[in-house]
Amino acid sequence: MDAEQLKRSSQRWMDAALAAFGAGSESHDFAVHHAGIATEHLLKAYLAGIHPALIVDGRHFDSLLHATGLGSRAGVLPTKVRTIGLAEAHERVLKLLPNIKINKTALEPLADARNGVAHSAIHDATKAEAVFTVCLRLIDPVLEELDIDPSTYWGPYLVLHDKLVDEQVRQERVRAEALLTRARAVFAQRFEHMASKERDVVLAALTSQPMITMVREAPKQCPACGSQGWVAGEVSIRLNGGGGGPEAAYLVPYGFHCAACDLEVDSKLLFHLADLNEDILLEDDPYDFVDDEPPVDEDV
């Protein structure tokens, strides 16, 4: 549960993963498996650096005792401590580092590939590169938060890392542009024949409510047709710098939908379409989303 040990372990597993990836498709099962472990260990390194209890299974009291410095009272050895897995480590880090744009849905292929290889020697070879790149893009902001020099972590594989990420970004931009082109064609087919006043009335009725059911939605201008669309995401709480409680609530987007032109964007492509991936300040009281009580105004 030592943060520094987890950092070193993550780097070793990533070295092995990149070496396997570079060896060709016959080694891609090792690549996705090792990359998954490297990612898990780095996420845990960040959490353990805050407090070791953040990486243990909260349902296992003996593990909590070890994590809180009371291991002498635990009924199991340190080697028997139960820790969280990749998915839960990611979920916990996501709440603490909102700049990470790899959400739960985007993580699933990496987690599935790692587990598939580990438990049944099965993985989809055609998706290995995409799965591997998700891992790289998740790790980069964590390295920044941990103040780890990327050239140190990636070592001799930094060029390969950059090429993989750049290629993924290029493919995403192509897909994003294709989505916009299709959406603009749909919008023109639906509304081009209408008079402007009639079109405005129809669009106002069509776009006034979100069309997707997720945790939370907020209005945002559609980059394809200019109508009001809706971004959906999860609420993130920003804390006061002095630790005095929540300061503000933000919506961290992971999807967009426009009813006017049928533009649908998932988390992978939000970054490439205008400002759809930017966090949105909510007007809600941040205390509505936490268990803490708001401070009492003693002057009242």
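This text follows the structure it describes.
In short, a report on the structure. (Residues numbered from 1 in each chain as written. Predicted model: local features only at pLDDT ≥ 70, side-chain atom pairs only at ≥ 80, totals over all residues. Heavy atoms only, no water.)

Quick word on unusual backbone geometry
Residues other than glycine seldom take positive phi values, yet aspartate 147 does so here, at roughly 60°. Relative to the helices and strands, aspartate 147 is located in the loop between α6 (128-145) and α7 (150-154). Residue classification places aspartate 147 among the exposed positions, given a relative accessible area of 71%. Although it is not a glycine, aspartate 262 adopts a positive phi angle of roughly 65°. Structurally, the position occupied by aspartate 262 is in the loop between β3 (246-257) and β4 (264-266). Judged by relative accessible area, which is 29%, aspartate 262 ranks as partly exposed. (Helix = DSSP H or I, 4+ residues; strand = E, 2+ residues; numbered from the N terminus. Buried < 20%, exposed > 50% of the residue type's maximum accessible area, 1.4 Å probe, protein only.)

Topic: helix α8 (residues 158-191)
Here α8 contains 34 residues, and its C-alpha end-to-end distance of 49 Å stays within 8% of the 50 Å for a straight helix at 1.5 Å per residue. Of the residues making up α8, those classed as buried are His161, Leu164, Val165, Gln168, Val169, Glu172, Ala176, Leu180, Ala183, Val186, Phe187 and Phe191. Against the buried residues of α8 lie α1 (3-22), α6, α7, α9 (196-207) and α10 (267-270). (Expected span 1.5 Å × (residues − 1). Contact = heavy atoms within 4.5 Å.)

What about the state of the cysteines?
Under the definition given, this model contains 0 disulfides. Cysteine 225 supplies the cysteine sulfur nearest to cysteine 258, a cysteine that is in no disulfide, at a spacing of 3.7 Å. Assessed through its relative accessible area of 0%, cysteine 258 is described here as buried. (Disulfide = S-S within 2.5 Å.)

Describing the nonpolar core
Ranked by internal contacts, the top residues of the largest apolar core, which has 52 residues, are Met14, Phe132 and Tyr153. Secondary-structure elements contributing two or more residues to this core are α1, α2 (28-50), α4 (86-96), α5 (104-120), α6, α7 and α8. Excluding residues that lie within four positions of it along the chain, tyrosine 153 makes contacts with Ser10, Gln11, Met14, Asp15, Ala38, Leu42, Ile139, Leu143 and Ile148. Within the second largest apolar cluster, 26 residues are counted, among which are Ala176, Phe187, Ala224 and Ala260. (Core = buried A, V, L, I, M, F, W, Y, C linked by side-chain atoms within 4.5 Å.)

A few points about the side chain of lysine 220
Structurally, the position occupied by lysine 220 is in strand β1 (residues 216-221). Those residues in contact with lysine 220 that sit more than four places away from it in its chain are Ser227, Gln228, Gly229, Trp230, Val231, Phe256, Asp275, Leu276, Glu278 and Ile280.

Digging into the packing of α6 against α8
The contact between α6 and α8 brings their axes to 10 Å, and the two run at 105°. It follows that α6 is roughly perpendicular to α8 by the angle criterion. Side by side, α6 and α8 meet where Glu129, Ala130, Phe132, Thr133, Leu136, Arg137 and Asp140 of the first sit next to His161, Leu164, Val165, Glu167, Gln168, Val169 and Glu172 of the second. Taken together, the residues of the contact of α6 with α8 sort by class into 6 nonpolar, 3 polar and 5 charged. (Axes fitted to C-alpha atoms, helices over the stretch in contact; angles between N-to-C directions. Parallel < 35°, antiparallel > 145°, perpendicular 65-115°, else oblique. Nonpolar A, V, L, I, M, F, W, Y, C, P; charged D, E, K, R; others polar.)

Let's talk about the pattern of salt bridges
One pass over the full model with this rule turns up 10 salt bridges. Here glutamate 172 makes a salt bridge to arginine 137, at a shortest N to O gap of 2.6 Å. Of this pair, glutamate 172 sits in helix α8 while arginine 137 sits in helix α6, placing them 35 residues apart in sequence. Between aspartate 262 and arginine 190 there is a salt bridge, with the nearest N and O atoms lying 2.5 Å from each other. In this pair, aspartate 262 sits in the loop between β3 and β4 while arginine 190 sits in helix α8, placing the two residues 72 residues apart along the sequence. You can call arginine 190 partly exposed: its relative accessible area is 31%. (Salt bridge = Lys/Arg side-chain N within 4 Å of Asp/Glu carboxyl O.)

Comments concerning the environment of valine 265
Summarising the element assignment, valine 265 is placed in strand β4. By relative accessible area, which is 5% here, valine 265 ends up buried. For the pair valine 265 and serine 151, spaced 114 residues apart in sequence, the C-alpha to C-alpha distance is 33 Å. If we skip the residues at most four places from it in the chain, valine 265 touches Gly255, Phe256, Leu270 and Leu273.

So, the packing of aromatic side chains
In total, this model carries 3 aromatic pairs according to the counting rule given. With a centroid separation of 4.9 Å and 90° between ring planes, the pair formed by tyrosine 153 and tryptophan 154 is classed as edge-to-face. Neither residue differs from the other here; tyrosine 153 and tryptophan 154 are each classed as buried. With centroids separated by 5.0 Å and ring planes inclined at 50°, the aromatic side chains of phenylalanine 187 and phenylalanine 191 adopt a geometry described as tilted. With phenylalanine 187 and phenylalanine 191 both in helix α8, this residue pair falls 4 residues apart, about one helical turn. (Phe/Tyr/Trp six-rings, centres within 6.5 Å; stacked < 30°, edge-to-face > 60°.)

Things to note about the packing of α5 against α6
Running from N to C, α5 and α6 cross one another at 115°; their axes reach a closest spacing of 9 Å. Remark: the crossing between α5 and α6 carries left-handed chirality. Only Val131, Val134, Cys135 and Leu138 of α6 make contact with α5, whose side of the interface consists of Ala106, Leu107, Pro109, Leu110 and Ala113. Residue classes in the contact of α5 with α6 are distributed as 9 nonpolar, no polar and no charged. (Left-handed = near helix turned anticlockwise from the far one by under 90°.)

As far as function goes, none of this settles anything; it's purely spatial.
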